Amino acid sequence: MFPEYLEPWLNSTIAWLELGFLLLVLLLTLLAVGLWLQDRFFQKRHAIRRNYPLIGRFRYFFETLGEFFRQYFFAMDREELPFNRAQRAWVYRAAKDLSNTMAFGSTKQTGAGRVIFMNCPYPTLEKDAAKTLPLMIGPHCEQPYAARSFFNVSGMSFGALSRPAVQALSHGAAIANCWMNTGEGGLSPYHLEGGCDVVFQVGTARYGVRDAEGNLNDERLAAIAARPQVKMIEIKLSQGAKPGKGGILPAAKVTQEIAAIRGIPAGEASISPNGQPDVHSAEDLLDLIAHVREVSGKPTGIKCVLGAWAWVEDLFLAIHARGLESAPDFITIDSGDGGTGAAPMSLMDDVGLCLAESLPLLVDLRDGYGLTDRIRIIASGKLITPSMVAWAIAVGADFCVSARGYMFALGCIQALQCNRNTCPTGVTTHNPRLQRGLVPAEKSQRVAHFHDNLVKEVETIAHSCGVSEPRQLRRYHARMLSSNGESIPLDRLWPQVESGIYLREGRPSEKQPFVRWQGIGTGP
């Protein structure tokens, strides 16, 4: 079969392979015996390994694989959390500008909390549809901002996100004519690269605008605000991922570049305080808002997760005492059920109200204290599909923002490794090998497609309800399913509050709590 001159070489090669295989088997056997002895007699920390030496080690391997097998093989389309396959698939197709039509009926569960919009017999025809006009924010500022889109990019820091991810979002937001929030990690060149409108966030650690002691540095703030792309300043009180705790960036992700932008040492974990250090009351908060607005000349607002809400009444009463120009120009209300940031499970799961409850509560407080035209409300929290965004606008939000929706548009597969610097799609890692897979020029187009297709479908929902554009949606246009299968109108769950009624009749927190239908679930 083989030439004779090759036979000695082949015989020698086979002999060496046999010897190598025997050595490998011997080494693996010795290793297995060593691990068995270690598990059985020496280690005392793990009961499973002590009772089932060697075999017990496979438990950790199967636990790791379980995440991927559940996602791709075992979980149904509507089962996964925090976002199920059907939701992610909608974003992926929208980002690729593919058809999002489906056949053979809905697979969405009909349980408590589901929102259903009320179509009318005379929907708005395409020729009668109106474009959503820009909405002014900060009319009392030197430089008010006319925001062009009602759906924008929420706060995600450079550091939490990779360089190519921030670049793609910046270019995509510019194409889509929406704003991009920097998150609390400071303003990087990559936020500005695409030319989009930027909302600069002042976190509790004041990254990018801090002095050596962590105090607000007016010169640095003025320099950032002087950039034409920076349209607004957002003061973060808390965020959905960890209400009651500051931002967390692991040491492995604090590179020299990120440290320079934030003004902190490289290679050390970046942990923000759990609150603004000089804000302890409504008066302190209004002082900080006024100071930042004076230094920047730009609309200035706050971001928070609502839990206890008497402080909001204190704030609104203090605004009326000082004058309407003292009010925050906007309030970003974040949902308490988690977000893009890493956080302790106890905070992510069990602290703060979810958006389904906190958004109508905040809208009613704002309206009840006569501040409807003064304060814009920005809704944030799992708003990644058209129905979610339409619900938020119908309840009373002026704008919606999304972080994880745009991450999916970048290619995120919900691997749940955001805090480990091992993101397989390059979105939240600083590993150059993994970042290579995310090409900003390609992904920026997907970011823009996701924005445009979501806005288009929100407009479709609005037209089916008989209004010409989404901001005309009201609570009576939607109903929410209760636990007994009956749907309840949103304006019955949260009746419209008369403007200024709480100024005349007193604080609602000191009276009967807001009425809500019993048995309703937690969100759309």
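This is a predicted model, so every value here is computed, not measured. (Residues numbered from 1 in each chain as written. Predicted model: local features only at pLDDT ≥ 70, side-chain atom pairs only at ≥ 80, totals over all residues. Heavy atoms only, no water.)

### Here's the deal with the pairing of strand 7 (residues 230-236)
The buried fraction of strand 7 is high, at six of seven residues. Relative to strand 7, strand 6 (residues 197-202) runs parallel, the two sharing five bridges. The partner of V199 across the bridge, within strand 7, is M232. Crossover handedness for the path strand 6 to helix 7 (residues 218-225) to strand 7: right-handed. Direction of pairing for strand 7 relative to strand 10 (residues 300-305): parallel, over a ladder of four bridges. Opposite I233, over in strand 10, you have T300 as the bridge partner. (Buried < 20%, exposed > 50% of the residue type's maximum accessible area, 1.4 Å probe, protein only. Helix = DSSP H or I, 4+ residues; strand = E, 2+ residues; numbered from the N terminus. Pairing = 2+ DSSP bridges. Right-handed = clockwise from strand over helix to strand, strands pointing away.)

### Quick notes on the sheet that holds strand 1 (residues 115-117)
Reading across the sheet, the three strands line up as 1-14-15 and stay open at both edges, with antiparallel pairing between neighbours. Edge strands, defined here as strands with exactly one partner in the open sheet, are strand 1 and strand 15 (487-489). On average, each strand axis in the sheet is inclined to that of its neighbour by 35 degrees, with strand direction left out of account. Summarising the sheet, strand 1 and strand 14 (residues 478-481) pair through three bridges and their orientation is antiparallel. (Axes fitted to C-alpha atoms, helices over the stretch in contact; angles between N-to-C directions.)

### Describing the packing of aromatic side chains
All chains considered together, the criterion is met by 12 aromatic pairs. Ring geometry for W90 versus F450: centroids 6.3 Å apart, planes at 70 degrees, classification edge-to-face. Of this pair, W90 sits in helix 4 (residues 85-95) while F450 sits in helix 16 (residues 440-464), and the two are 360 residues apart along the sequence. Overall, the relative accessible area of 11% leaves W90 in the buried class. The exposure class assigned to F450 is buried, which follows from its relative accessible area of 0%. Grouped by ring-pair contacts, the aromatic residues W90, F151, Y406 and F450 constitute a single cluster. Between the NZ or CZ atom of R262 and the centre of the ring of Y207, over which it lies, the distance is 4.9 Å. Between the NZ or CZ atom of R471 and the centre of the ring of F399, over which it lies, the distance is 4.9 Å. (Phe/Tyr/Trp six-rings, centres within 6.5 Å; stacked < 30°, edge-to-face > 60°. Lys NZ or Arg CZ within 6 Å of the ring centre and 35° of its normal.)

### Details of the packing of helix 7 against helix 9 (residues 282-296)
Orientation of helix 7 relative to helix 9, taken along the N-to-C sense of each, is 55 degrees, at an axis distance of 8 Å. If you check the angle between helix 7 and helix 9, you find them oblique. Helix-helix and strand crossings are classified by hand; for helix 7 and helix 9 the assignment is right-handed. Of the residues in helix 9, those in contact with D218, L221, A222 and A225 of helix 7 are H291, V292, V295 and S296. When its residues are assigned to classes, the contact of helix 7 with helix 9 shows five nonpolar, two polar and one charged. (Parallel < 35°, antiparallel > 145°, perpendicular 65-115°, else oblique. Left-handed = near helix turned anticlockwise from the far one by under 90°. Contact = heavy atoms within 4.5 Å. Nonpolar A, V, L, I, M, F, W, Y, C, P; charged D, E, K, R; others polar.)

### Brief notes about the environment of R436
Relative to the helices and strands, R436 is located in the loop between helix 15 (432-435) and helix 16. Taking the C-alpha atoms as reference points, R436 and K131, 305 residues apart in sequence, are found 38 Å from one another.

### Description of the nonpolar core
Of all hydrophobic cores here, the largest spans 117 residues; its most connected members are F151, L169, F316, L359, V389, W391 and F450. Dropping the residues within four chain positions of it, F450 is found in contact with W90, V91, A94, A95, F151, I384, G405, Y406 and A409. Listed in part, the 11 residues of the second largest apolar core include L135, I137, Y145 and V401. (Core = buried A, V, L, I, M, F, W, Y, C linked by side-chain atoms within 4.5 Å.)

### Structural notes on empty space enclosed by the protein
Scanning the model with the defined rule gives three cavities of 30 Å³ or more in all. By volume, the second largest cavity is sized at about 50 Å³. Forming the boundary of the second largest cavity are V153, S154, G155, W179, N181, V199, M232, E234, T332, I378 and V401. Within the residue set of the lining of the second largest cavity, elements represented by two or more residues are strand 5 (179-181) and strand 7. Taken together, the residues of the lining of the second largest cavity sort by class into six nonpolar, four polar and one charged. (1 Å grid on protein atoms, 1.4 Å probe; cavity = no way out; pocket = protein on both sides within 12 Å on 5 of 7 lines; lining within 4 Å. Points joined across faces, edges and corners; volume = space filled by probe spheres on them.)

### Describing helix 7
Of all the positions in helix 7, only L221, I224 and A225 are classed as buried. For helix 7, the angular spread of the buried residues around the axis is 95 degrees, confining them to a single face. With a side-chain oxygen positioned 3.0 Å from the backbone nitrogen of E219, the residue opening helix 7 is N217. (Arc of directions from axis to C-beta. Polar contact = N/O pair within 3.5 Å; in protein donor to acceptor, adjacent residues only side chain to side chain.)

### Description of the side chain of S335
With respect to the secondary-structure elements, S335 resides in the loop between strand 11 (330-334) and helix 11 (345-350). Exposure remark for S335: the relative accessible area of 2% places this residue in the buried category. Within the local environment of S335, its side chain forms a polar contact with the backbone nitrogen of L355, the two atoms lying 2.9 Å apart.

### Topic: unusual backbone geometry
The backbone phi angle of R206 is positive, close to 55 degrees, even though this residue is not glycine. As for its placement among the helices and strands, R206 is situated in the loop between strand 6 and helix 7. With a relative accessible area of 2%, R206 lands in the buried category.

### Quick look at the pattern of salt bridges
Taken as a whole and judged by the stated rule, the model has 17 salt bridges. K236 is paired through a salt bridge with E184; the nearest N and O atoms lie 2.9 Å apart. Within this pair, whereas K236 is found in strand 7, its partner E184 is found in the loop between strand 5 and helix 6 (189-193), the two being separated by 52 residues in sequence. For K236, a relative accessible area of 3% translates into the label buried. Where R504 meets E498, a salt bridge forms, and the shortest distance between an N and an O atom there is 2.7 Å. The exposure class of R504 is exposed, given its relative accessible area of 53%. Through salt bridges with shared partners, a single network forms among D39, R49 and R57. (Salt bridge = Lys/Arg side-chain N within 4 Å of Asp/Glu carboxyl O.)

### What to know about the confidence of the model for the protein
Scored by pLDDT, the protein has a mean of 88; 92% of the residues are at 70 or more. When the criterion is pLDDT under 50, residues 515-524 qualifies, and its contacts beyond four places in sequence or with other chains add up to 31 contacts. (pLDDT = per-residue confidence, 0-100.)

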